[in-house]
Amino acid sequence: MADSNGGGGDVKRSRVLKKIGTHSGSFHCDEALACFLLRTLPEYKDAEICRTRDPKVLETCDIVVDVGGVYDPSKHRYDHHQRSFKETMNSLRPETPWTTKLSSAGLVYLHFGEEIIANALKIDNTDDKVSTLYNKMYENFVEEIDAIDNGVSQTEEKPKYVISSHLSSRVKHLNPAWNQPDADPWEGFQKAMALTGEEFLLRLNFYNDSWWPAREIVETALKQRFEVDSSGEIMVLPQGGCPWKEHLYDLEKTLNVETPIKYVLYSDQSDKWRIQCVSVDSHSFENRLSLPEKWRGVRDAELSEVSGIPGCIFVHATGFIGGNETHEGVLQMARTSLNMGKQ
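Just so we're clear, the structure is a prediction, and the values are computed from it rather than from any experiment.

**Section: the side chain of arginine 93**
Argument step 1. Turning to its location among the elements, arginine 93 is positioned in the loop between helix H4 (89-92) and helix H5 (104-121).
Argument step 2. Here leucine 110 takes part through its backbone oxygen, which lies 3.2 Å from a polar atom of the side chain of arginine 93.

**As for the pattern of salt bridges**
Argument step 1. Across all of its chains, the model carries 13 salt bridges by this definition.
Argument step 2. Notably, a salt bridge pairs glutamate 43 with lysine 18, separated by 2.9 Å at the nearest N-O pair. Taken together, the positions of glutamate 43 in the loop between helix H2 (29-39) and strand S3 (48-51) and lysine 18 in the loop between helix H1 (10-15) and strand S2 (19-22) put the pair 25 residues apart, joining distant regions of the chain.
Argument step 3. Since its relative accessible area comes to 45%, glutamate 43 is described here as partly exposed.
Argument step 4. A relative accessible area of 27% means that lysine 18 is categorised as partly exposed.
Argument step 5. For glutamate 114, the salt bridge identified is with arginine 93, shortest N-O distance 2.6 Å. With glutamate 114 in helix H5 and arginine 93 in the loop between H4 and H5, the pair connects residues that are 21 residues apart, well separated along the chain.
Argument step 6. The network of salt bridges with common partners includes Glu233, Lys262 and Lys342.

**What about the nonpolar core?**
Argument step 1. By size, the foremost hydrophobic cluster in this structure holds 52 residues, and its most contacted members are Leu38 and Phe200.
Argument step 2. Not counting residues up to four positions away in its chain, the partners in contact with leucine 38 are Ile20, Tyr44, Ile63, Val65, Val108 and Phe112.
Argument step 3. Counting 21 residues, the second largest nonpolar core, distinct from the first, contains Val236, Cys277, Ile309 and Val315.

**Here's the deal with the packing of aromatic side chains**
Argument step 1. For the structure shown, the criterion picks out twelve aromatic pairs.
Argument step 2. A ring pair is formed by tyrosine 109 and phenylalanine 200, whose centres lie 6.3 Å apart and whose planes are at 70 degrees; its orientation type is edge-to-face. With a gap of 91 residues between them, tyrosine 109 in helix H5 and phenylalanine 200 in helix H8 (residues 185-223) connect regions that are remote in the sequence. The same class applies to tyrosine 109 as to phenylalanine 200, namely buried.

**Details of the packing of H8 against helix H10 (residues 245-254)**
Helix-helix packing is described using two parameters, namely the angle between the two axes and the distance between the axes.
Argument step 1. In the contact formed by H8 and H10, the axes pass within 10 Å of each other and the chain directions differ by 55 degrees. Taken as axis vectors, H8 and H10 run oblique relative to one another. For the pair H8 and H10, the crossing hand works out as right-handed. Where H8 approaches H10, its residues Trp211, Ala214, Arg215, Val218, Glu219 and Leu222 are matched on the opposing element by Glu246, His247, Leu248, Asp250, Leu251, Glu252 and Thr254.
Argument step 2. Tallied by class, residues from the contact of H8 with H10 come to six nonpolar, two polar and five charged.

**Describing the state of the cysteines**
Argument step 1. Counted under the stated rule, the structure contains zero disulfides.
Argument step 2. The thiol sulfur of cysteine 29 is not disulfide-bonded, and the nearest other cysteine sulfur, from cysteine 35, lies at 12 Å.
Argument step 3. For cysteine 35, which is in no disulfide, the shortest distance to another cysteine sulfur is to cysteine 61 and amounts to 10.0 Å.
Argument step 4. A relative accessible area of 0% places cysteine 35 in the buried class.

**Points about the side chain of lysine 136**
Argument step 1. Looking at where lysine 136 falls in the secondary structure, it is placed in helix H6 (residues 128-149).
Argument step 2. For lysine 136, a relative accessible area of 10% translates into the label buried.
Argument step 3. With near-sequence residues (within four places) excluded, lysine 136 lies in contact with Tyr207, Trp211 and Glu246.

**Topic: the environment of valine 298**
Argument step 1. Along the polypeptide, valine 298 turns up in the loop between strand S9 (273-277) and helix H11 (300-307).
Argument step 2. Of the residues examined, valine 298 reaches a relative accessible area of 12% and is grouped as buried.
Argument step 3. For the pair valine 298 and valine 70, spaced 228 residues apart in sequence, the C-alpha to C-alpha distance is 67 Å.
Argument step 4. Contact partners of valine 298, with chain neighbours within four places excluded, come to Leu303, Phe314 and Val315.

**A closer look at the packing of H5 against H8**
Argument step 1. Between H5 and H8, the least distance of the axes is 11 Å, while the angle of their chain directions is 65 degrees. Considering their axes alone, H5 and H8 lie roughly perpendicular with respect to each other. Crossing of H5 over H8 shows right-handed handedness. Where H5 abuts H8, its residues Tyr109, Ile116, Ile117, Ala120 and Leu121 lie against Phe200, Leu201, Leu204, Asn205 and Asn208.
Argument step 2. Broken down by class, the residue content of the contact of H5 with H8 amounts to eight nonpolar, two polar and no charged.

Reading the values: the criteria
Residues numbered from 1 in each chain as written. Predicted model: local features only at pLDDT ≥ 70, side-chain atom pairs only at ≥ 80, totals over all residues. Heavy atoms only, no water. Helix = DSSP H or I, 4+ residues; strand = E, 2+ residues; numbered from the N terminus. Polar contact = N/O pair within 3.5 Å; in protein donor to acceptor, adjacent residues only side chain to side chain. Salt bridge = Lys/Arg side-chain N within 4 Å of Asp/Glu carboxyl O. Buried < 20%, exposed > 50% of the residue type's maximum accessible area, 1.4 Å probe, protein only. Core = buried A, V, L, I, M, F, W, Y, C linked by side-chain atoms within 4.5 Å. Contact = heavy atoms within 4.5 Å. Phe/Tyr/Trp six-rings, centres within 6.5 Å; stacked < 30°, edge-to-face > 60°. Axes fitted to C-alpha atoms, helices over the stretch in contact; angles between N-to-C directions. Parallel < 35°, antiparallel > 145°, perpendicular 65-115°, else oblique. Left-handed = near helix turned anticlockwise from the far one by under 90°. Nonpolar A, V, L, I, M, F, W, Y, C, P; charged D, E, K, R; others polar. Disulfide = S-S within 2.5 Å.

Here it is, written out as structure tokens:
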């Protein structure tokens, strides 16, 4: 039993349209996303989706995902259910760190992801942005789908609560119910492709429109660190509100920064200036170098007197952040704190 759909008229379909094969029956998030992603490419833009488990029908398809028991990119066969299949992003692309077993979504993304991203953003696939967003989208979108489809738990411990609203769960609920024998599975699969595709593109556009510009700002500031202070341990952001932490840790590695940044300076919403300590890593509350102990929990004129720096506003009791009226004042706080920390 098969259900299928194509685009365009019958003559056009029989002459030029390609066929994407996937399995019939209950559908899942991975093949719904795989089919959507393929259709974003010019080669498969108007491709017919053929949902079947008939090997003879699958043989007529130009590309097959999530069915057929074969993984062979040279023949465009992308199934992951066979006993011999153990591939991950890391096994197929050793430069990547992810070791979650791939689903059909992950396989399509691995082989076509850069082209999919470049096509969606209308940029050349040799642009540095493409490789960065390729990794970002796998880690923060596709890997979750791979893991859920392959039954890979997030943790070895029993979770304290159940998350039942993730994308894979929402796709599952688009299948006809057990007591709806006359429901059209193709209608549900179309909704699943639309849902997974919309969320993929929303996430990609967020990274392109918001996350990437923040990265560019942080990269520029990091490269200019020696213009701020000869130590190279103080970074100034040109505007407040820019998310910097994730980018800083990654860029320090990418740019081979030998002496890590200790303090990040930026203006706040009232045009005052902040100094924030950089933590040891993204998951730590321990700072690389906290603000001096004698400044902590002190405010305003008393803080200026204790520190010898005009315009001080506050230093948090834990020493991770402070404020000053001016850029010059907050820079002096950073330099003084650096010198005190090295004594």
